[in-house]
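Given next are the chains, with one letter for each unit.
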2 protein chains.
Amino acid sequence: MLTLSTYITTMMFVAKKHGYHHGDLRRAFLEEAVRVISRKGVDALTLRSVGERLGVSRTAMYRHFADKSALLAAVAAEGFRMLRLQLLDAWERHGRSGDAFAEMGRAYVRFAVANPAHYRVMFGGRVEAHGDPDLAREGAGAFQVLVDAIIALQKNGTARAENPLRFAQVIWATVHGVAMLAIDGLLERQQTDADTLVRFANEQIRISMSV
Amino acid sequence: MLTLSTYITTMMFVAKKHGYHHGDLRRAFLEEAVRVISRKGVDALTLRSVGERLGVSRTAMYRHFADKSALLAAVAAEGFRMLRLQLLDAWERHGRSGDAFAEMGRAYVRFAVANPAHYRVMFGGRVEAHGDPDLAREGAGAFQVLVDAIIALQKNGTARAENPLRFAQVIWATVHGVAMLAIDGLLERQQTDADTLVRFANEQIRISMSV
DNA sequence: ACCTGAACACCGTTCAAGT
DNA sequence: ACCTGAACACCGTTCAAGT
């Protein structure tokens, strides 16, 4: 009887999982963290205030994340997943062509500007892909979209033969640098907007790949 | 008499300034901060442990820096100053030529790899140039070396006519991205070393500038 | 002028306890 | 299974006091 009642109680809680206090508390923590980071910076993120905002105890998070850095790693992993999908969408929707490749570059910078909180956590050096397997997988997946696109361009003769990994690294470095300049507000000071700069960068990339 | 004795006491302390407790305490704080950051990361930096390490109270720092972020801003400003000097040295020592420009790129990445603590503070998004005038000036100074070099290459016909600021932004973005890949250890995972990648990036840059 | 120690208002994390 | 409140060991910063 005791075992049965425990079982029933447990099942009730499990059944309530997607309707518990805040529905999906894990997701609520993730979203609130992103909200705080984008508005006040990573350093302003405290578990206590997030918990209070969500109306749960300040230790409730530990049911869903090992610690604070695991929460940040989850934000980063989610960012890489979104980035991968948006890059893939730009590449495919524009016909996997040289122009589509340029659109990927624009999509990359657009992602960073639209999601600075995710982007800063992804590349701010706070979380290391080393530690979180999920994060490492998502990061590698986003990079692979770029590598695959380069290989496709080489196959149809748009890009010259060269180690595609090396192309990918330099191109990623370039758009990443443009994205950083954009979200750090360094372009505003120089009266340049991010999309203009990434278009210019795309032109430079096109030249250096086709020669 | 009171005024005179106060004056004398003050002068004694001022005279001792460069021989006080640790000679230059401001410099000692700066160096110890860099040491801690490079060994354990920015998040591991605590004023209390730095003070303890230097044998002073944990509030002694406030005589030399407004707060912790001012200390980090000073680290970043020092980093930009070192970077500017090393870029300028590479450019001038190699004869202000196209090759010298490539050597600047290599010097940039070498700086980041040799001084990852400074580099992370400079670009990690913790300090904003917006707030610290000294930091803003040093950052702009380092960037100007790149702009000036591009203008020189355009004057002697090595680089094509184009807004030098735009060239500078994309090129900076590229070498910065390579530097980030290098110090985040993402290249090791792909069996590429930083200098090989920056040499490849330099070749891409040379092509795109000369066409 | 420069440094100190105590105090204040925080923080992440642990843990026994509740349902 | 999931959540709680109290407790622990920190942290940056302020401030009256010393020399």
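The paragraphs below set out a description of the structure included in this document.

The rules behind the values
- Residues numbered from 1 in each chain as written.
- Chains lettered and ligands numbered in written order.
- Predicted model: local features only at pLDDT ≥ 70, side-chain atom pairs only at ≥ 80, totals over all residues.
- Heavy atoms only, no water.
- Axes fitted to C-alpha atoms, helices over the stretch in contact; angles between N-to-C directions.
- Helix = DSSP H or I, 4+ residues; strand = E, 2+ residues; numbered from the N terminus.
- Parallel < 35°, antiparallel > 145°, perpendicular 65-115°, else oblique.
- Left-handed = near helix turned anticlockwise from the far one by under 90°.
- Contact = heavy atoms within 4.5 Å.
- Nonpolar A, V, L, I, M, F, W, Y, C, P; charged D, E, K, R; others polar.
- Buried < 20%, exposed > 50% of the residue type's maximum accessible area, 1.4 Å probe, protein only.
- Arc of directions from axis to C-beta.
- Least-squares fit on C-alpha atoms with pLDDT ≥ 70 in both.

Some remarks on the packing of helix H4 (residues 68-93) of chain A against helix H5 (residues 98-114) of chain A
Residues and elements named next belong to chain A.
Here is step 1 of the chain: Contact pair H4 / H5: the axes reach a minimum separation of 8 Å and the direction vectors enclose 150°. It follows from the interaxial angle that H4 and H5 lie roughly antiparallel. You can see that H4 and H5 cross each other, and the crossing is right-handed. Between H4, through Gly79, Met82, Leu83, Gln86, Leu87, Ala90 and Trp91, and H5, the contact on the second element is made entirely by Ala100, Phe101, Glu103, Met104, Ala107, Tyr108 and Phe111.
Here is step 2 of the chain: Tallied by class, residues from the contact of H4 with H5 come to eleven nonpolar, two polar and one charged.

Here's the deal with helix H3 (residues 47-54) of chain B
Residues and elements named next belong to chain B.
Here is step 1 of the chain: All of the buried residues along H3 are Leu47, Val50, Gly51 and Leu54. On an axial view of H3, the arc spanned by its buried residues comes to 100°, and they lie on one face. Opposite its buried face, H3 presents the exposed residues Arg48, Glu52 and Arg53, each directed more than 90 degrees away.
Here is step 2 of the chain: Against the buried residues of H3 lie helix H2 (25-40) and helix H4 (68-93).

Points about the relation of the copies chain B and chain A
Here is step 1 of the chain: Between chain B and chain A, the superposition needs a rotation of 180° and an axial shift of 0.0 Å, giving an RMSD of 0.0 Å. Put plainly, the chains are arranged around a two-fold axis. Identified as the residue of chain B closest to the rotation axis by C-alpha distance is Thr174 of chain B, at 2.0 Å.
Here is step 2 of the chain: Taken as a fraction of all interface residues of chain B, those also at the interface in chain A reach 100%, which identifies the copy contact as same-surface.

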